[in-house]
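Structural features, examined
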Amino acid sequence: MGGYAVVFFVAATLTFALVPLVRKLAFRIGAVKVPTARDVHTTAIPELGGAAMFVGFLIAFGVASQIPQFREMFDGSSEPAGVILAAGVMFATGALDDLRDVSPPAKIAGMVLAGSLLSLFGVSMLFFHVPFSGADVIVLSPDLAPLVTVVTVVVFANAINLIDGLDGLAAGIVIIAGTALFLYSTQLFDNGFLEGSNVAPLVAVIAVGVCVGFLPWNFNPARIFMGDAGALFLGLLMAVTTITIGGRADYQYTGTTYFFFAPLVIPLLILGVPIVDTAFSFLRRVLRGQSFSVADKDHLHHRLMRLGHGPRRTVVLLWLWTAVLSGLALVPTFTSQGNANALVPIGALALMLLLYVFFFPGRKEAQAIAAEEAAEAAAEAAAEAEKGQVIDLGSRRRTGN
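What counts, and where the lines are drawn
- Residues numbered from 1 in each chain as written.
- Predicted model: local features only at pLDDT ≥ 70, side-chain atom pairs only at ≥ 80, totals over all residues.
- Heavy atoms only, no water.
- Helix = DSSP H or I, 4+ residues; strand = E, 2+ residues; numbered from the N terminus.
- Buried < 20%, exposed > 50% of the residue type's maximum accessible area, 1.4 Å probe, protein only.
- Contact = heavy atoms within 4.5 Å.
- Core = buried A, V, L, I, M, F, W, Y, C linked by side-chain atoms within 4.5 Å.
- Phe/Tyr/Trp six-rings, centres within 6.5 Å; stacked < 30°, edge-to-face > 60°.
- Expected span 1.5 Å × (residues − 1).
- pLDDT = per-residue confidence, 0-100.
- Salt bridge = Lys/Arg side-chain N within 4 Å of Asp/Glu carboxyl O.
- Axes fitted to C-alpha atoms, helices over the stretch in contact; angles between N-to-C directions.
- Parallel < 35°, antiparallel > 145°, perpendicular 65-115°, else oblique.
- Left-handed = near helix turned anticlockwise from the far one by under 90°.
- Nonpolar A, V, L, I, M, F, W, Y, C, P; charged D, E, K, R; others polar.

Side note on the overall build of the chain
Secondary structure summary: the chain contains 15 helices and four strands in total. For the chain, with 401 residues in total, the buried portion stands at 48%. Of all intrachain contacts in the chain linking residues separated by at least 6 positions in sequence, the fraction that spans at least 24 positions is 77%.

This is the structure we're talking about:
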């Protein structure tokens, strides 16, 4: 664990130290988020915080390559180079969108390129198992494995990007989920299910480190946003961890964990909050006949705020849900308890959290305030739209159109 502690410290410390410099740079080059009707902020806040995270990742990864503990991951393997190149492409795609609006097809193209680079350098999903199917482990063919890898990258990048709607939300979720994935992967190592060359725990611990270093600047209140540069980059790291944990194990991890958990399911469960939000966003827009790129205010954090929870409490609630889902995956893995014994305390915590979400103290008063604020924001948005129409009409009259 000593090497992981060093890498974590480097990633967290460098990211924290670089944020002020990135913040100044963002102001200078105009990478600033101007508040809109969908935002909870009232002042412009610099973006591009993902630059500090990306540099922290690169240096921490370089430090890891010099530590003997990780020699097996780097010697004779092309995977570390693939992770770095794919992360660079994903960061560049997000940074370009932070500086100037990039069309959705162009952003998807960047994600596809990043996933393709991962596959080209060997970071690819090799096995797949569908729980309850009764089928043996499915070995992905050489022509199908790259496609599954790319789809995984696109889904995870969008998942983290969509959940990044409140101060500290995405960074906190990645800290919790990344820690759970790190612990799970080390448990697989101890049981002989993963090889020492697998980069999953290293990528997970670096992801946690950069988020720990960034979170103090992004929460209570946010002084900088990670932007698409940070969100897409973190999504890439979570995808890499999921692929190299769940897609490299040709077994069902039974005995100490739930009988229906295939290795791929556990990472998806741990990252359940952003995955569920992404799935509902897709279905919601399909049913409405809207483009997936159209922004709305129906994400999980928006719904919690409409229930009367403030932005800060909403973030903490979604952090707690991620922790509960992580516990659901980890508790039976690290204990000798049976399935029922492991489920009971986690189920009780989930029920308590669910009851608090809907029946918290002061619910009616908070909902009334939230409804009033939403009505005011809608009125302001309508007034701005009407003002724009009037200006546009006047301009047409002056030009004779």
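Side note on the environment of Thr-13
Turning to its location among the elements, Thr-13 is positioned in helix α1 (residues 2-29). Taking relative accessible area as the criterion, Thr-13 reaches 37% and is therefore assigned partly exposed. A sequence separation of 199 residues divides Thr-13 from Val-212, and the C-alpha atoms of the two residues are 8.7 Å apart.

Notes on the nonpolar core
Core analysis: the largest hydrophobic core is formed by 105 residues, its most contacted members being Val-7, Phe-57, Phe-70, Leu-202, Ile-206, Leu-234 and Leu-236. Looking at which element gives the most residues to this core, the answer is helix α8 (residues 200-218), with 13 residues.

Some details on the packing of aromatic side chains
One pass over the structure, following the stated rule, counts ten aromatic pairs. Ring-pair connections join several aromatic residues into one group, and the members of that group are Phe-54, Phe-57, Phe-61, Phe-74, Phe-91 and Phe-233.

Overview of helix α5 (residues 104-120)
The terminal C-alpha atoms of α5, which comprises 17 residues, lie 24 Å apart, in line with the 24 Å expected from a rise of 1.5 Å per residue. Within α5, the full set of buried residues consists of Lys-107, Gly-110, Met-111, Ala-114, Gly-115, Leu-117, Leu-118 and Ser-119. The inward-facing, buried residues of α5 abut α4 (79-99), α6 (145-163) and α9 (227-246). Downstream of α5 by one or two residues, Gly-122 has phi in the positive range, about 100°.

Observations regarding the confidence of the model for the chain
As a general rule, the predicted coordinates of low-pLDDT regions are not to be interpreted in detail. For the chain, per-residue confidence averages 81 on the pLDDT scale, and 77% of positions sit at 70 or higher. Contacts from residues 253-260, a stretch scored under 50 in pLDDT, to residues over four places away or in other chains number 27 contacts.

Focus: the pattern of salt bridges
Evaluation of the coordinates by the stated rule reveals two salt bridges. For Lys-107, the salt bridge is made with Asp-97, and the minimal N-O distance between the two is 3.5 Å. In this pair, Lys-107 sits in helix α5 while Asp-97 sits in helix α4, placing the two residues ten residues apart along the sequence. When sorted by exposure, Lys-107 lands in the same class as Asp-97, which is buried. We note a salt bridge from Lys-107 to Asp-228, for which the minimum N-O separation is 2.7 Å. Of this pair, Lys-107 sits in helix α5 while Asp-228 sits in helix α9, and the two are 121 residues apart along the sequence. Comparing Lys-107 with Asp-228 shows no difference in burial state: the two are buried.

Re the packing of helix α7 (residues 169-190) against α8
Interaxial distance between α7 and α8 falls to 8 Å at its minimum, and their mutual angle equals 155°. It follows from the interaxial angle that α7 and α8 lie roughly antiparallel. Here α7 runs over α8; the crossing is left-handed. Counting all contacts with α7, which are made through Ala-171, Gly-172, Val-174, Ile-175, Gly-178, Thr-179, Phe-182, Ser-185, Thr-186 and Phe-189, the residues of α8 involved are Ala-200, Pro-201, Ala-204, Val-205, Ala-207, Val-208, Cys-211, Val-212 and Leu-215. When the residues that make up the contact of α7 with α8 are grouped by side-chain class, the tally is 14 nonpolar, five polar and no charged.

Structural notes on the packing of α1 against α8
With their axes 7 Å apart at the nearest point, α1 and α8 run at an angle of 35° to one another. The handedness of the crossing between α1 and α8 comes out as right-handed. Contacts between α1 and α8 involve Tyr-4, Val-7, Phe-8, Ala-11, Ala-12, Thr-15, Phe-16, Val-19 and Pro-20 from the former and Pro-201, Leu-202, Val-205, Ile-206, Val-208, Gly-209, Val-210, Val-212, Gly-213, Phe-214, Pro-216 and Trp-217 from the latter. By residue class, the composition of the contact of α1 with α8 is 18 nonpolar, three polar and no charged.

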